[in-house]
Amino acid sequence: MELRLVLTVDDFEQALAFYRDALGLPERDAWQSEGDDARIAILDAGRATLEIVNDAQAAAIDRIEVGDRVAGPVRVAFEVEDSEAVAALLVEAGARQLAEPVTTPWNDRNVRLEAPDGTQLTLFSPTE
C-alpha cells in the first residue's frame, strides 16, 4: 500500500535540509526518542514505484545520464517540474552534479546528482 525508502545518514540535519528544504519534500511526520538522540522524519515524496532493472539496463541508464557506469545497486529518481532548475538548487544545498542534463530516449530531461549523504539521485522532467 505504501513504499518507504529509508536512508540512514550520518548528518541528520543536513539530510533533512537537503531533502525537505532544498528538494521540497513536505514533512509528513517526525519525532525524537526521549533520552537519546534517535530521530526520524518521514517526508512525502508523492506516488512511489519500485523500478527493477538488470545490470545491463542500469549500465545503459548510467551511460545515457552520466556517460559511464557510476551507480550502485540503489539510485533514487524524483520527477520534478524542472529538473535543471531543481538540480541547481540541490547543488547549492550540497549535492554534486555528476553530468550535464540530458534528454533521454524516453523523452525525459534528466540530471544525475550525488546527494551530500552519497545517495545517487536522478531528477527527471517529462519533455512532453
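Our structure is the block above this text.
Residues numbered from 1 in each chain as written. Predicted model: local features only at pLDDT ≥ 70, side-chain atom pairs only at ≥ 80, totals over all residues. Heavy atoms only, no water.

**Overview of the side chain of Thr-104**
Mapped onto the secondary structure, Thr-104 falls in the loop between β5 (102–103) and β6 (108–114). Residue Thr-104 is classed as buried on the basis of its relative accessible area of 3%. Within polar-contact distance, the side chain of Thr-104 engages the side chain of Trp-106 at 3.0 Å. Excluding its chain neighbours within four sequence positions, the residues that come into contact with Thr-104 are Ile-64 and Asn-110. (Helix = DSSP H or I, 4+ residues; strand = E, 2+ residues; numbered from the N terminus. Buried < 20%, exposed > 50% of the residue type's maximum accessible area, 1.4 Å probe, protein only. Polar contact = N/O pair within 3.5 Å; in protein donor to acceptor, adjacent residues only side chain to side chain. Contact = heavy atoms within 4.5 Å.)

**Observations concerning helix α2 (residues 55–65)**
Along α2, the residues that are buried comprise Ala-58, Ala-59, Ile-61, Asp-62 and Glu-65. Projection of α2 onto a plane perpendicular to its axis shows the buried side chains occupying an angular sector of 160 degrees, all on one side. In this structure, α2 carries Ala-56 and Arg-63 as exposed residues pointing more than 90 degrees from its buried face. If you follow the buried residues of α2, they end up packed against β3 (75–79), β5, β6 and β7 (120–126). (Arc of directions from axis to C-beta.)

**Some points on the environment of Leu-90**
Counting through the fold element by element, Leu-90 comes out in helix α3 (residues 83–92). Along the primary structure Leu-90 and Ala-22 are separated by 68 residues, whereas in three dimensions their C-alpha atoms are 6.0 Å apart. When near neighbours in sequence (up to four residues on either side) are disregarded, Leu-90 contacts Phe-18, Ala-22, Leu-23, Ala-95, Leu-113 and Leu-123.

**A short note on unusual backbone geometry**
Phi is positive for Asn-107, which is not a glycine, with a value near 65 degrees. Looking at the secondary structure, you find Asn-107 in the loop between β5 and β6.

**Considerations on the pairing of β3**
In regular strands, side chains alternate between the two faces of the sheet. Of the two faces of β3, only one is covered, namely that formed by Val-76 and Phe-78; the face formed by Arg-75, Ala-77 and Glu-79 stays uncovered. With five bridges joining them, β3 and β7 adopt parallel strand pairing. Paired with Ala-77 across the two strands is Thr-122, which belongs to β7. (Pairing = 2+ DSSP bridges.)

**Re the pattern of salt bridges**
Inspection of the entire model under this criterion finds eleven salt bridges. The salt bridge partner of Glu-2 is Arg-4, with a shortest N-O separation of 2.8 Å. A relative accessible area of 48% means that Glu-2 is categorised as partly exposed. For Arg-4, a relative accessible area of 48% corresponds to the partly exposed category. In this structure, the salt-bridge partner of Glu-2 is Arg-28, at a minimum N-O distance of 2.9 Å. With Glu-2 in the segment before α1 (12–22) and Arg-28 in strand β1 (residues 27–32), the pair connects residues that are 26 residues apart, well separated along the chain. Overlapping salt bridges, with partners in common, bring together Asp-55, Asp-62, Glu-65, Arg-69 and Arg-112 in one network. (Salt bridge = Lys/Arg side-chain N within 4 Å of Asp/Glu carboxyl O.)

**Some words on the packing of aromatic side chains**
In total, this model carries one aromatic pair according to the counting rule given. With a centroid separation of 5.0 Å and 85 degrees between ring planes, the pair formed by Phe-18 and Tyr-19 is classed as edge-to-face. Judged on exposure class, the residue Phe-18 and its partner Tyr-19 are both buried. (Phe/Tyr/Trp six-rings, centres within 6.5 Å; stacked < 30°, edge-to-face > 60°.)

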